[in-house]
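Listed here are the chains, written in short residue letters.
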Amino acid sequence: MRLKKLLPVVGVILFVFILSQLDFAKIMNIFSQLNPLYVLLSFFVFVPLLLLVNIEWQLLLKRQKIHVSYWYSIKNFFIGYFYGFITPGGLGAYTRSLYLSKESDEPLAKCLSNIVTFNTIEYLALLSLGFIGAVFLIQVYPFLFIVILTVVVLVLSVYIFFVKSNQSQRFLQKLIEHPLFSKTAERLKDSLESFHKDVPNFKDAILPFSLSITGWILKYVMLFFIARLFNVSIPFHFFIFIIAVADVIASIPISIYGIGTREAALITMFSVPYFTNDLLISAEQVVSLSLFWFVIIWLTPSVIGAFVTLYETKKMSSFKFDEKDCKQFDRYMQKYQYLYRNLVDIVNRYVKTSTHPVIVDLGVGPGLLSKEMNKKIPDARIIGIDPSEQMISLANKNANIDSRIGSSEQLPLEDESVDVVVTRYTLTYWKNPNQGFQEISRVIKPNGVFIIEALNKDFSKLRLFLIKLQMLFKNSSFSVAQYHIDAYKTAFSIKSVVELFEKNGFTIVQSRGNTNDWMFLVVGKK
């Protein structure tokens, strides 16, 4: 465990060690002699690279029928730069799939398979150049050929096994059946099937792979000319292959964008006279050049990516639940009818002695709870109340109810006219909870009950994030997942809800849920 925690900082430790061996005065002198105009122009190097790689990605997106604009896919790349910058080996760049899922309204598993395929193609293109480079450098570094060939075979084998083969699906399905995954097995199976189903075939990857090779070569050509600013002058073909091999070494996930590992590889290879025609290239030159590359190729796009990520994250968090979202909410929640049945059993327990009971489904939503009450308590008159006309429309389609527009603070009901008020996860949206409890007390008959299921404010934020990912893998839309998660921002604790009941004249007759559960239930009698 300690070794795993140490691995991500190995490169940083190596980089600090390299710096400690250098003459900082020489490094400052190297930077002071750079031509300001060429330095400025160098900062635009990543632009043609980004445009080309975006064309490559758009081809894969179209193959998988994931529709986003060319401009958005560029923004998504910047998001990947940012998350990749703050994680070892750039692994955080896979977070792009979350934003892609939101923008395209496609399942997260499908978007993740697209990102995995794209990154694999990019890495295989790099490994291909690194492999050729290792062949050219074999006279000096014979071990490089074997190492990079091993990596190429390993990456291809892992990709083919886990992404393209039927054996991997059977292996993972058996793994999912382990008791450890018992509660999420069905959801994981659906996600696994979606992931494999949406992976592009080999033919679809040929053109993107060719563009990726072109992009890597273009990058190295531009870096070759930038190297001249630092008086690093070696034969073009040696330069290209040395950088390719160094990038392969830097891709090992033990650092941040290869800091430390790249410098160590470059210092070692640039110091070999066989490559440099006996020209002396100092470690200070190499490190200065590498740091400059890092700034223009990685740091600058990552800084831009930080602002793009902030903007896109805010946009994701400030969605409006429109008619389309309501339908997606209905479709997603239809999968969990058993949750409504459990609550209906509790409602039935308190009305089974009544004849033609009047039940209010407060926050009726798409009417799925009312639909179950229709089945379980057929003689009941059910009144569905919701502030959303779209939800009322869906409720009328799903259940036989008396639907009304209203809110907890203003119930369109007469005094002491209902037997039971039941609400499920709506408390978090009430503008004035105390006033809502007073209204409910007003409309409930003597000895009537108020049943409330509420989200737990004290639920773990980490587990909440995992639930969101699970919902996306279960093919909920991003808006539906965000709607559920945002509800926790204004959720209540069990203690505070019990206090609201008692403050408004209810006697607690049932309470269920622990402080670390995602939800709880409280029943109060008037």
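1. Regarding the overall build of the chain
Item 1. Of regular secondary structure, the chain possesses 24 helices and 7 strands.
Item 2. Of all 526 residues assigned to the chain, the portion counted as buried reaches 53%.
Item 3. For the chain, contacts bridging at least 24 residues in sequence account for 72% of all contacts bridging at least 6.
Item 4. Counting every atom, the chain has about 25400 Å² of accessible surface; 63% of that belongs to carbon and sulfur.

2. Some points on the sheet that holds strand E4 (residues 418-424)
Two pairing modes exist for strands in a sheet, parallel and antiparallel, and in both the strands are linked by backbone hydrogen bonds.
Item 1. The 7 strands lie next to each other as E3-E2-E1-E4-E5-E7-E6, forming an open sheet whose pairing is mixed. Since the sheet does not close on itself, it has two edges, and those belong to strand E3 (402-405) and strand E6 (507-512), each with one partner. Pairs of neighbouring strands in the sheet enclose a mean axial angle of 15 degrees, with direction left out of account.
Item 2. Across 6 bridges, the pairing between E4 and strand E5 (residues 444-455) is parallel. Note on E5: the bridge partner recorded for Arg 424 is Glu 453.
Item 3. Its contacts with the sheet put helix H24 (residues 494-503) on E5, E6 and strand E7 (519-525), and the angle it makes with E7 is roughly 15 degrees.

3. Here's the deal with the packing of helix H8 (residues 108-136) against helix H13 (residues 236-250)
Item 1. Orientation of H8 relative to H13, taken along the N-to-C sense of each, is 125 degrees, at an axis distance of 8 Å. When the axis of H8 is compared with that of H13, the two are oblique. For the element pair H8 and H13, the recorded crossing hand is left-handed. Between H8 and H13, the residues in contact are Tyr 123, Leu 126, Leu 127, Leu 129, Gly 130, Ile 132, Gly 133, Ala 134 and Phe 136 and His 237, Phe 241, Ala 244, Val 245, Asp 247 and Val 248, respectively.
Item 2. Each residue belonging to the contact of H8 with H13 can be placed in one class, and the counts come to 11 nonpolar, 3 polar and 1 charged.

4. Things to note about the environment of Pro 357
Item 1. Its location among the elements puts Pro 357 in the loop between helix H18 (337-351) and strand E1 (358-362).
Item 2. The class of Pro 357 is buried, set by a relative accessible area of 1%.

5. Topic: the nonpolar core
Within soluble globular proteins, side chains that are nonpolar tend to cluster in buried spots.
Item 1. Of all hydrophobic cores here, the largest spans 77 residues; its most connected members are Leu 100, Tyr 220, Ile 226, Phe 239, Phe 270 and Trp 293.
Item 2. Counting residues in each nonpolar core, the second largest holds 27 residues, with Val 358, Leu 411, Trp 430 and Phe 492 among its members.

6. What to know about empty space enclosed by the protein
A probe as big as a water molecule, rolled over the atoms, marks out the empty space that is left.
Item 1. By the definition in use, this model includes 3 cavities of 30 Å³ or more.
Item 2. Roughly 100 Å³ of volume is contained in the largest cavity.
Item 3. Looking at the lining of the largest cavity, the elements with two or more residues in it are helix H12 (202-229), H13, helix H14 (261-270) and helix H16 (283-317).
Item 4. Among the elements that take part in the lining of the largest cavity, H16 stands out by supplying 5 residues, more than any other.
Item 5. Classifying every residue of the lining of the largest cavity by side-chain character gives 8 nonpolar, 1 polar and 3 charged.

7. Structural notes on the confidence of the model for the chain
Item 1. The share of residues in the chain with pLDDT of 70 or more is 75%, and the mean pLDDT across the chain is 78.
Item 2. Note that pLDDT drops below 50 for residues 175-192; the model gives that stretch 20 contacts with residues more than four away or on any other chain.

8. Let's talk about the packing of aromatic side chains
Item 1. Following the criterion strictly, the structure yields 22 aromatic pairs and no others.
Item 2. Taken together, a centroid distance of 6.2 Å and an interplanar angle of 50 degrees make the contact between Trp 57 and Phe 118 tilted. With a gap of 61 residues between them, Trp 57 in helix H5 (residues 46-63) and Phe 118 in helix H8 connect regions that are remote in the sequence.
Item 3. Residue classification places Phe 118 among the buried residues on the basis of a relative accessible area of 3%.
Item 4. Here a set of aromatic residues connected by ring pairs shows up, and it is made of Phe 224, Phe 225, Phe 236, Phe 239 and Trp 293.

9. Side note on the pairing of E3
Item 1. The pairing of strand E2 (residues 381-386) with E3 spans 4 bridges and is parallel. Paired with Gly 384 across the bridge in E3 is Ser 403.
Item 2. Traced from E2 through helix H20 (residues 389-398) to E3, the parallel crossover comes out right-handed.

10. Brief notes about the environment of Asp 105
Item 1. Structurally, Asp 105 can be placed in the loop between helix H7 (96-104) and H8.
Item 2. Exposure remark for Asp 105: the relative accessible area of 32% places this residue in the partly exposed category.
Item 3. Residues Asp 105 and Ile 66 lie 39 residues apart in sequence; the distance between their C-alpha atoms is 8.6 Å.

11. A short note on unusual backbone geometry
Item 1. Here Glu 416, not a glycine, exhibits a phi torsion of approximately 45 degrees, which is positive.
Item 2. With respect to the helices, strands and loops of the structure, Glu 416 is situated in the loop between E3 and E4.
Item 3. Exposure remark for Glu 416: the relative accessible area of 44% places this residue in the partly exposed category.
Item 4. Positive phi, normally seen in glycine, also occurs at Asn 447, with a value near 70 degrees.
Item 5. For Asn 447, the location among the structural elements is in strand E5.
Item 6. Its relative accessible area of 56% is what places Asn 447 among the exposed residues.

12. A few points about the pattern of salt bridges
Item 1. For the structure on display, the rule yields 14 salt bridges.
Item 2. The partner of Arg 404 in a salt bridge is Asp 402, and the shortest N-O contact between them spans 2.8 Å.
Item 3. We classify Arg 404 as partly exposed; its relative accessible area is 22%.
Item 4. Classification of Asp 402 by relative accessible area gives partly exposed; the value is 25%.
Item 5. Because the salt bridges share partners, they merge into one network encompassing Lys 219, Asp 247 and Arg 262.

13. Some remarks on H7
Item 1. Where burial is concerned, most of H7 is hidden: 7 out of the 9 residues are buried.
Item 2. Positive backbone phi, approximately 60 degrees, marks Asp 105, located one or two places after H7.

The rules behind the values
Residues numbered from 1 in each chain as written. Predicted model: local features only at pLDDT ≥ 70, side-chain atom pairs only at ≥ 80, totals over all residues. Heavy atoms only, no water. Helix = DSSP H or I, 4+ residues; strand = E, 2+ residues; numbered from the N terminus. Buried < 20%, exposed > 50% of the residue type's maximum accessible area, 1.4 Å probe, protein only. Contact = heavy atoms within 4.5 Å. Areas by Shrake-Rupley, 256 points an atom, 1.4 Å probe, with all protein chains shown as cover. Pairing = 2+ DSSP bridges. Axes fitted to C-alpha atoms, helices over the stretch in contact; angles between N-to-C directions. Parallel < 35°, antiparallel > 145°, perpendicular 65-115°, else oblique. Left-handed = near helix turned anticlockwise from the far one by under 90°. Nonpolar A, V, L, I, M, F, W, Y, C, P; charged D, E, K, R; others polar. Core = buried A, V, L, I, M, F, W, Y, C linked by side-chain atoms within 4.5 Å. 1 Å grid on protein atoms, 1.4 Å probe; cavity = no way out; pocket = protein on both sides within 12 Å on 5 of 7 lines; lining within 4 Å. Points joined across faces, edges and corners; volume = space filled by probe spheres on them. pLDDT = per-residue confidence, 0-100. Phe/Tyr/Trp six-rings, centres within 6.5 Å; stacked < 30°, edge-to-face > 60°. Right-handed = clockwise from strand over helix to strand, strands pointing away. Salt bridge = Lys/Arg side-chain N within 4 Å of Asp/Glu carboxyl O.

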